[in-house]
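Now for the letters of each chain:
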There are 4 protein chains.
Amino acid sequence: MLNIGIVGYGYWGPNLVRNFSQAAPTKVKYVCDLDSTRLKKVNNIYPDITTTTNVNDILNDKSIDAVSIATPVSTHFDLAMKALKAGKHVLMEKPLTDSSEKCQRLIEEADKQGLVLMVDHTFPYTAAVQKIKELVSNGDIGDLYYYDSARINLGLFQHDVSVIWDLAVHDLSILEFIHDEHPIAVSATGISHVEEQPENIAYLTIFYKSRMIAHIHVNWLAPVKLRQTLIGGSKKMILYDDMEPSEKIKIYDKGITLVDDDESITRMRIGYRSGDVLSPNLDRVEALSSLVNHFARCIETGEHPMTSAESGMRVVRIMEAASESMAKKGEMVSL
Amino acid sequence: MLNIGIVGYGYWGPNLVRNFSQAAPTKVKYVCDLDSTRLKKVNNIYPDITTTTNVNDILNDKSIDAVSIATPVSTHFDLAMKALKAGKHVLMEKPLTDSSEKCQRLIEEADKQGLVLMVDHTFPYTAAVQKIKELVSNGDIGDLYYYDSARINLGLFQHDVSVIWDLAVHDLSILEFIHDEHPIAVSATGISHVEEQPENIAYLTIFYKSRMIAHIHVNWLAPVKLRQTLIGGSKKMILYDDMEPSEKIKIYDKGITLVDDDESITRMRIGYRSGDVLSPNLDRVEALSSLVNHFARCIETGEHPMTSAESGMRVVRIMEAASESMAKKGEMVSL
Amino acid sequence: MLNIGIVGYGYWGPNLVRNFSQAAPTKVKYVCDLDSTRLKKVNNIYPDITTTTNVNDILNDKSIDAVSIATPVSTHFDLAMKALKAGKHVLMEKPLTDSSEKCQRLIEEADKQGLVLMVDHTFPYTAAVQKIKELVSNGDIGDLYYYDSARINLGLFQHDVSVIWDLAVHDLSILEFIHDEHPIAVSATGISHVEEQPENIAYLTIFYKSRMIAHIHVNWLAPVKLRQTLIGGSKKMILYDDMEPSEKIKIYDKGITLVDDDESITRMRIGYRSGDVLSPNLDRVEALSSLVNHFARCIETGEHPMTSAESGMRVVRIMEAASESMAKKGEMVSL
Amino acid sequence: MLNIGIVGYGYWGPNLVRNFSQAAPTKVKYVCDLDSTRLKKVNNIYPDITTTTNVNDILNDKSIDAVSIATPVSTHFDLAMKALKAGKHVLMEKPLTDSSEKCQRLIEEADKQGLVLMVDHTFPYTAAVQKIKELVSNGDIGDLYYYDSARINLGLFQHDVSVIWDLAVHDLSILEFIHDEHPIAVSATGISHVEEQPENIAYLTIFYKSRMIAHIHVNWLAPVKLRQTLIGGSKKMILYDDMEPSEKIKIYDKGITLVDDDESITRMRIGYRSGDVLSPNLDRVEALSSLVNHFARCIETGEHPMTSAESGMRVVRIMEAASESMAKKGEMVSL
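Every value quoted in this text rests on a predicted model; they were computed, and no experiment measured them.

Observations concerning the relation of the copies chain D and chain B
For step 1, the next point in the chain: Taken as rigid bodies, chain D and chain B are interconverted by a rotation of 180° and an axial shift of 0.0 Å, the fit giving an RMSD of 0.0 Å. Taken together, these values place the two copies in the relation of a two-fold axis. When each C-alpha of chain D is compared by its distance to the rotation axis, Leu278 of chain D comes out closest, at 2.3 Å.
For step 2, the next point in the chain: Comparing contact sets, 100% of the residues at the interface of chain D also lie at the interface in chain B, consistent with an isologous, same-surface contact.

Written as structure tokens, this is what we have:
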């Protein structure tokens, strides 16, 4: 049984506490938050959990194996470093930190201490994204041509980071998971509609060495909520609509075919193909539950996390490059 | 009564013939196409129309007032120049020509001859786009914040022009129509998935001097057909879905409000507002019918066309810049 | 080559003329309508077709093999009887006539003369309904449990027949086609919202000897257009949405399973099953084109029509019974 | 502060406990259930609530003002009668009881004791249904023409009552709430697809003295979940789709108009009207929270409950009549 301390009880913290409490291999011993009214809620629901406003109570407790941190991004690095130095395994809310350099230092510390450092990218643990990875990996989709995502709604404007760090991070973590190839460059554009605030709309194009391209559209100022991803391949194409209650994924047996044609030397003949549409049944296990159990298994067995700190760092690096490109009005920034 | 000659009877030509035939002020005298099997179809349906494979039959006929051209883009300039020199008013299929420089020369010729040169951008004549313009012009939307469009489907791959010239042209013509401000720069990215063929996916970001941004996503290799445009303003937001059979436009009384707050000097307070959604009733007149009648009126009254050659040239200039930016992987190109 | 005369050039007539003109084995020689302005339209589009306001011009022409009738229901019987007596094969617009007794007399006359008498129930010739029949026939669906259809919109109010005869006829013809079993009774309810006019809303329940039930909801006074049919079986279930532009049919591998359970002697255990959803690719041949070719083949080969007069009569009999039940506020009427 | 005892902690009980706990005027003192593992869940979440398997612990406690009962239907009457005799106000899960005669006896007992007896019909407390009532009451809709509802999904098969008692009860309670007129008769049909089990599909037509008609379609064996209600009026029509996350209600300014026309003496001329569609903003208060607060206010002020026992009895009477009609294959049963 692993003893867990949860740091931060804001938006995501309650989900962490609930899932770590329900998971067989873990037990939540502490919840820490600076806001004592939040801690009272913990006391009401989980009378057995100790609450504290001082994170050191957790770090100094030798019986604690791991901490799960869900605090504002700016605090990620310091808290994680402290926890690692105190010998605790760390599950860090996304994004891992606010700079790839800091990510690197955390990774080095975790390596030195032989501790698990995992980032809480939740989407790779959903049944939908796992099905997509399966379709990509087993060749059903063929060569990956594009990943195109719209992740927009009337969202909470954040004051310290742009919409990229809030929403595009999800697509970047999905890309990390489903596509083995690492991107080579980014071009991004965006705009802020509120003075002196970070961009609330952004568009990212991600370049690869292969014929793959990725594009991510994020927006905090949209009248409708869209979570719509198209994945095109040489053989099949996928529509992944996370707002659909049941048919989240549709696989289209549709595309083009190239026809060799002696008579048309100058132009390649392109044919069109249209087949069935399949919406596979997906299991309904909560993604965070799988993630929490995976974290426990990594601690217990030494297995490398699926959403490793290295992967978290690559995502941060793309967001850094995208921010730089956005400041340069779309100029490509190499990775 | 204006006598009309139609040049080109491929995809769009039949619609032109039908609408010019039904319009009160015009009469179709000729249809010209190089393919005589196409001309036989004309003969079957319209026994009174003279068909020819030689465009000079039309240009040399003194009784002809105007020609409507719907041929491949590469032929636009020569045909239009010939027609203008022959003293005919010209309605040109979009895009006006394949370069802004050629557009400029046509405009000059039309001016010299005192002839109407109009481009067949159809969308500004739809009830949906006219309603959007009305909402923008009368201030209902407030300051324009963004225009975001996805125009994708499994479309006919073209061999001479990229998807920008085929699909983005529609959004650019809508932007020309609804927004008075001219864009100042473009950043575009894209990719081709078929060797030695033009890009079949492209993303355009269009910059303005104001806080407005436009983004256009076009794709010939998508499993589903989307024609979805979001228009955000400081007061209201619009969802324009051209695939909807009846409720094409939804106006959301939704957005953010900025709150002056003495206690929060360092950060502006952002509030969220959510009101009714209105889908206005739109009349169902065919857009091309309105366009054809407008063309006739411009000839008869000297009124300047709503979709003027100047507007057509600006659209071409943006597509030239976008193509240049796309070749430079997103680097901004000024207009 | 079969020579065809078309009688009636209102809503449906133009589709008949177009399809009989394009079909290889048929040639349209006459179009007859009492309204001469309609006939002028025929002359414009099809200069080779003879038009007339006198149906006898067609019936007296020995070269005419068959007539296709698309006139008001009240005229169906007389026109068909005249045509059969004149030795012409007949394709009759749905419903076959306005009473099953008249249908019977037409069938007898056709038999006596050895002529084809076919009813123009179009839906059985659509790719969607043919796919449904295939799924039912090959056992994929299992035992048929229910057919539930909503066919509603703001439709043209008719003055002589209720909404049942206008809209429910489509579902009844689909049921005839996909389900071998004949219904045994009907219960129907409905109401008219305009004084002295026939019912504009109706609900039909159709009983079978098996565990199958059918329900049809038709409405001329609905704000939205629905064409939605659910077909439940013991193994799979189908959603057939005719308003969907491409994915008209979805096959759900979903249902209940009965579990034998010793401990629960008094109550049968019911389990729930949820699998993939498949939307099969459907070809896009126009249904009326298949129908017209089938009619020609029946004339030429003596093949019995898929939508035979007998089937048309059974549909009329159900509508008679439903009208009677509706007058009795739902009381079951046997067939 | 009112002290509340909750009886039954199955599907609905947890919602009752949560809402009564959060409501300002009420405090949950007891939760009773025969299943002690369920009670343990209560202990974990609400350490202050006393749990018991003996309902008499609640009824004998003088400090308890009211009980909220959410147990199987067959137990409703006995539990409610006991509670009323013990001097407790009662909030009863729907349906009030399994027979109108039992409802009557409970109403008489509550009257005798001067206690509040209210039925937990939740829908009248939703923002959507309240908006519909407002539109009906203020005349916006005009005369009510029809109420048509489809409430279907792959639902839990119940062994003691048909799908009518499980699902149609919701529509009947909505009709009670929005339409002042009481129905006069019912015709119902349905079928069971599992031997010796109650009907899992049913269709109800409800007749009124006016030109209003209601129809309810309920089904436990549907592959998709529909909660779709159409409400037609002489002036406007409503589409209420409870599965829509945000635009649950759409008001269509659409319908027919009757035209006086001298030339058409024999037939009334019907015109068609099509205007805007409005989706009003609805507040997002949880319906059960409003219901619970209303229950408390009724106890404190003597106000008559909006979802009174009388209304609950009328709903039960319609379901009894519908069950009787269903057994008679649709024969109308008067109310």
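Section: the relation of the copies chain A and chain B
For step 1, the next point in the chain: Superposition of chain A onto chain B requires a rotation of 180° combined with a translation of 0.0 Å along the rotation axis, giving an RMSD of 0.0 Å.
For step 2, the next point in the chain: Looking at the interface residues of chain A, 100% of them are also at the interface in chain B, so both copies use one shared face.

With respect to the packing of aromatic side chains
For step 1, the next point in the chain: With the rule as written, the count across this model stands at 16 aromatic pairs over all chains.
For step 2, the next point in the chain: On the numbers, 6.3 Å between centres and 50° between planes, the contact of Tyr272 of chain C with Phe157 of chain D is tilted. Separated into two different chains, Tyr272 of chain C in strand β14 (residues 269–279) and Phe157 of chain D in the loop between β7 (144–154) and α7 (163–178) make up a pair that spans both.
For step 3, the next point in the chain: The partly exposed category is assigned to Tyr272 of chain C, whose relative accessible area is 36%.
For step 4, the next point in the chain: Overall, the relative accessible area of 7% leaves Phe157 of chain D in the buried class.
For step 5, the next point in the chain: Every member of this aromatic cluster is reached through a ring pair, and the members are Phe157 and Trp220 of chain A together with Tyr272 of chain B.

Here we look at the sheet that holds strand β5 (residues 89–93) of chain C
All names here are of chain C.
For step 1, the next point in the chain: Taken together, the six strands give an open sheet; going across it, the order is β3-β2-β1-β4-β5-β6, and neighbouring strands pair in parallel fashion. Of all strands in the sheet, those bounded by a partner on one side alone are β3 (50–52) and β6 (117–120). Neighbour-to-neighbour, the strand axes of the sheet open up by a mean angle of 25°, direction not taken into account.
For step 2, the next point in the chain: Bridge count between strand β1 (residues 2–7) and strand β2 (residues 26–32): six bridges; the pairing is parallel. When the bridges of β2 are listed, Gly5 appears paired with Tyr30.
For step 3, the next point in the chain: Set on the sheet, helix α1 (residues 13–22) makes contact with β1, β2, β4 (66–69), β5 and β6; between it and β2 the angle comes to about 155°.

Some remarks on the pairing of strand β7 (residues 144–154) of chain B
All names here are of chain B.
For step 1, the next point in the chain: Across the eleven residues of β7, ten count as buried, placing the element largely inside the fold.
For step 2, the next point in the chain: Here nine bridges tie β7 to strand β11 (residues 221–233), and the two strands are oriented antiparallel to one another. For Tyr146, the partnering residue across the bridge sits in β11 and is Gly232.
For step 3, the next point in the chain: Two elements, β7 and strand β10 (residues 213–219), share seven bridges in a ladder whose sense is parallel. Considered in β10, the bridge of Arg151 is made with Val218.

Examining the environment of Asp276 of chain D
For step 1, the next point in the chain: If you trace the backbone, Asp276 of chain D turns up in strand β14 (residues 269–279).
For step 2, the next point in the chain: C-alpha separation for the pair Asp276 of chain D and Lys254 of chain D, spaced 22 residues apart in sequence, amounts to 8.0 Å.
For step 3, the next point in the chain: In contact with Asp276 of chain D, other than residues within four places in its own chain, are Leu278, Ser279, Pro280 and Asn281 of chain B together with Ile251, Tyr252 and Asp253 of chain D.

Topic: the confidence of the model for chain A
For step 1, the next point in the chain: Looking at chain A, pLDDT values average 95 and 97% of them are 70 or higher.
For step 2, the next point in the chain: Quick note on the complex model: pTM equals 0.94, ipTM equals 0.94.

Here we look at the pattern of salt bridges
Residues and elements named next belong to chain A.
For step 1, the next point in the chain: The full count for this structure, using the stated rule, is 68 salt bridges over all chains.
For step 2, the next point in the chain: The partner of Asp253 in a salt bridge is Arg273, with the nearest N and O atoms 2.7 Å apart. Of the two residues, Asp253 sits in strand β13 (residues 249–259) while Arg273 sits in strand β14 (residues 269–279), which places them 20 residues apart along the sequence.
For step 3, the next point in the chain: For Arg273, a relative accessible area of 24% translates into the label partly exposed.
For step 4, the next point in the chain: Within this structure, Asp33, Asp35 and Arg38 form a network of salt bridges that share partners.

Section: the interface of chain A and chain B
For step 1, the next point in the chain: Tallying the contact residues gives 51 residues for chain A and 51 residues for chain B.
For step 2, the next point in the chain: For the pairing of chain A and chain B, the buried interface totals around 4700 Å² over both sides, and the portion due to carbon and sulfur atoms is 71%.
For step 3, the next point in the chain: Sorting the residues of chain A by area buried against chain B places His193, Arg211 and Pro223 of chain A first, and these three jointly supply 14% of that buried surface.
For step 4, the next point in the chain: Applying the counting criterion to the chain A and chain B interface returns two salt bridges.
For step 5, the next point in the chain: A salt bridge links Arg211 of chain B to Glu195 of chain A; the shortest N-O distance between them is 3.6 Å.
For step 6, the next point in the chain: Our enumeration of links across chain A and chain B arrives at 19 residue pairs in polar contact (both at pLDDT 80 or more).
For step 7, the next point in the chain: Going through the elements one at a time, β7 (144–154), β8 (185–191), β9 (201–207), β10 (213–219), β11 (221–233), β12 (237–241), β13 and β14 of chain A are the ones with two or more residues in the side of chain A that touches chain B.
For step 8, the next point in the chain: In terms of residue count, β11 of chain A provides more of the side of chain A that touches chain B than any other element does, seven residues in total.
For step 9, the next point in the chain: Residues of the side of chain A that touches chain B, tallied by class, amount to 28 nonpolar, 15 polar and eight charged.

Observations concerning the environment of Cys32 of chain B
Residues and elements named next belong to chain B.
For step 1, the next point in the chain: In this structure, Cys32 sits in strand β2 (residues 26–32).
For step 2, the next point in the chain: Taking the C-alpha atoms as reference, Cys32 lies 16 Å from Asn19; in sequence the two are 13 residues apart.
For step 3, the next point in the chain: Those residues in contact with Cys32, other than ones at most four positions away along the chain, are Ile6, Val7, Gly8, Tyr9, Leu39, Thr52, Thr53, Asn54, Val55 and Ile58.

Digging into the packing of helix α6 (residues 127–137) of chain B against helix α7 (residues 163–178) of chain B
Residues and elements named next belong to chain B.
For step 1, the next point in the chain: Where α6 meets α7, the closest approach of the two axes is 9 Å, and the angle between their N-to-C directions is 40°. One way to sum up the angle between α6 and α7 is to call them oblique. Like other packed secondary-structure pairs, α6 and α7 cross with a definite hand, here right-handed. Within the contact between the two elements, α6 uses Val129, Gln130, Ile132, Lys133 and Val136 and α7 uses Ile174, Phe177 and Ile178.
For step 2, the next point in the chain: Partitioning the contact of α6 with α7 into residue classes produces six nonpolar, one polar and one charged.

A word on the domain arrangement of chain A
Residue and element names in this part refer to chain A.
For step 1, the next point in the chain: Annotation of chain A at the domain level lists domain 1 (2–120) and domain 2 (124–286 + 317–334).
For step 2, the next point in the chain: Summing both sides of the interface, domain 1 and domain 2 together bury roughly 790 Å²; the carbon and sulfur share of this comes to 49%.
For step 3, the next point in the chain: Ranking the residues of domain 1 by area buried against domain 2 places Lys94, Pro95 and Ser100 at the top, with a combined share of 52%.
For step 4, the next point in the chain: Linking domain 1 to domain 2 there are one salt bridge.
For step 5, the next point in the chain: Its salt-bridge partner being Arg18, residue Glu286 comes within 3.0 Å of it at the nearest N-O pair.
For step 6, the next point in the chain: Where domain 1 packs against domain 2, one counts four residue pairs in polar contact (both at pLDDT 80 or more).

Some thoughts on the interface of chain D and chain B
For step 1, the next point in the chain: Listed by partner, the interface residues are eleven residues for chain D and eleven residues for chain B.
For step 2, the next point in the chain: Note on chain D versus chain B: buried area summed over both sides is about 950 Å², and carbon and sulfur give 37% of it.
For step 3, the next point in the chain: Put simply, chain D and chain B have two salt bridges between them.
For step 4, the next point in the chain: At the boundary of chain D and chain B, one finds ten residue pairs in polar contact (both at pLDDT 80 or more).
For step 5, the next point in the chain: Among the secondary structure elements, those contributing two or more residues to the side of chain D that touches chain B are β13 (249–259) and β14 of chain D.
For step 6, the next point in the chain: A total of six residues in the side of chain D that touches chain B trace back to one element, the largest contributor, which is β14 of chain D.
For step 7, the next point in the chain: As defined by bridge partners, strand β14 (residues 269–279) of chain B adjoins β14 of chain D across three bridges and the pair is classed as antiparallel. Paired with Leu278 of chain B across the two strands is Leu278 of chain D, which belongs to β14 of chain D.

Parameters at a glance
- Residues numbered from 1 in each chain as written.
- Chains lettered and ligands numbered in written order.
- Predicted model: local features only at pLDDT ≥ 70, side-chain atom pairs only at ≥ 80, totals over all residues.
- Heavy atoms only, no water.
- Least-squares fit on C-alpha atoms with pLDDT ≥ 70 in both.
- Contact = heavy atoms within 4.5 Å.
- Phe/Tyr/Trp six-rings, centres within 6.5 Å; stacked < 30°, edge-to-face > 60°.
- Helix = DSSP H or I, 4+ residues; strand = E, 2+ residues; numbered from the N terminus.
- Buried < 20%, exposed > 50% of the residue type's maximum accessible area, 1.4 Å probe, protein only.
- Pairing = 2+ DSSP bridges.
- Axes fitted to C-alpha atoms, helices over the stretch in contact; angles between N-to-C directions.
- pLDDT = per-residue confidence, 0-100.
- Salt bridge = Lys/Arg side-chain N within 4 Å of Asp/Glu carboxyl O.
- Buried area = accessible area lost by both parts, 1.4 Å probe.
- Polar contact = N/O pair within 3.5 Å; in protein donor to acceptor, adjacent residues only side chain to side chain.
- Nonpolar A, V, L, I, M, F, W, Y, C, P; charged D, E, K, R; others polar.
- Parallel < 35°, antiparallel > 145°, perpendicular 65-115°, else oblique.
- Left-handed = near helix turned anticlockwise from the far one by under 90°.
- Domains from an automatic or database assignment.

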